[in-house]
Amino acid sequence: MTDGDFTERYWFGQRVASDWKVGSPYGFVRQGKPSVEGKVLISDPPKRLAYSWVPCSADARREQTSRVTFDLEPRGTTVKLTVTHDNLDEKTLRDVSGGWPMVIASLKSLLETGHALPSDLPSIAKETSCA
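1. What to know about the overall build of the chain
Step number 1: Scanning the chain from N- to C-terminus turns up two helices and six strands.
Step number 2: N-terminal to C-terminal, the α/β element order of the chain is α-β-β-β-β-β-β-α.
Step number 3: With 131 residues in all, the chain has 34% of them scored as buried.
Step number 4: Sequence-distant contacts, at least 24 apart, represent 31% of the contacts inside the chain between residues at least 6 apart.

As structure tokens, then:
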């Protein structure tokens, strides 16, 4: 969840970068263009990670900052992953509702088969910029 080489494989070309310390910035970049940025809110490896979510788009200034939390729970020989994206306004909810299921499905596929979902899915490839 925190390694850019790994996220790029399952998150449709999105590469994440941060030092993952509470209060530090993080950002996702796709093809050299920023797509999401924010700050690390909770970093408790390997149990929990939370960060603010600020989309990099012209409309982002009108959106409220939301929060993403990843909780990992050992379950015998497997691990349960719970992803919570909250504090959503209408636009962000609409934008992430199609994205998160695809990202999680791609992660699952990569972990189970060694192959992520194809990165050329039209609903994922949005042009955004934080500049």
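2. Quick look at the side chain of threonine 69
Step number 1: If you trace the backbone, threonine 69 turns up in strand 5 (residues 66-75).
Step number 2: Once residues lying within four places of it in the same chain are set aside, the contact partners of threonine 69 are Arg48, Leu49, Ala50, Thr82, Val83 and Thr84.

3. A few points about the environment of aspartate 120
Step number 1: Summarising the element assignment, aspartate 120 is placed in the segment after helix 2 (90-113).
Step number 2: Between the C-alpha atoms of aspartate 120 and phenylalanine 12, which are 108 residues apart in sequence, the distance is 7.5 Å.

4. Description of helix 2
Step number 1: Over its 24 residues, helix 2 extends 35 Å from the first C-alpha to the last, a length consistent with the 34 Å expected when each residue adds 1.5 Å.
Step number 2: Along its length, helix 2 shows its largest kink, about 35°, at valine 96.
Step number 3: Tucked inside the fold, the buried residues of helix 2 contact helix 1 (4-10), strand 4 (48-55), strand 5 and strand 6 (78-86).
Step number 4: Glycine 114 sits one or two positions beyond helix 2 and adopts a positive phi of about 85°.

5. Let's talk about the packing of aromatic side chains
Step number 1: Under the criterion given, the structure shown has 12 aromatic pairs.
Step number 2: With 6.0 Å between their ring centres and 70° between their planes, phenylalanine 70 and tryptophan 100 make a pair best called edge-to-face. With phenylalanine 70 in strand 5 and tryptophan 100 in helix 2, the pair connects residues that are 30 residues apart, well separated along the chain.
Step number 3: By relative accessible area, phenylalanine 70 is classed as buried at 3%.
Step number 4: Linked through ring pairs, Phe6, Tyr10, Trp11, Trp20, Tyr26, Phe28, Tyr51, Trp53, Phe70 and Trp100 together constitute an aromatic cluster.

6. Quick look at the pairing of strand 4
Step number 1: Most of strand 4 sits inside the fold, with six of its eight residues counted as buried.
Step number 2: Judged from the six bridges that link them, strand 3 (residues 33-44) and strand 4 form a sheet pairing that is antiparallel. Within strand 4, the residue paired with aspartate 44 across the bridge is arginine 48.
Step number 3: Connecting strand 3 to the next strand, strand 4, in antiparallel fashion are three residues.
Step number 4: When strand 4 meets strand 5, the two strands line up antiparallel, connected through six bridges. Paired with arginine 48 across the strands is aspartate 71, a residue of strand 5.

Calculation rules
Residues numbered from 1 in each chain as written. Predicted model: local features only at pLDDT ≥ 70, side-chain atom pairs only at ≥ 80, totals over all residues. Heavy atoms only, no water. Helix = DSSP H or I, 4+ residues; strand = E, 2+ residues; numbered from the N terminus. Buried < 20%, exposed > 50% of the residue type's maximum accessible area, 1.4 Å probe, protein only. Contact = heavy atoms within 4.5 Å. Expected span 1.5 Å × (residues − 1). Bend = angle between axes of the 7 residues up to and from the residue. Phe/Tyr/Trp six-rings, centres within 6.5 Å; stacked < 30°, edge-to-face > 60°. Pairing = 2+ DSSP bridges.

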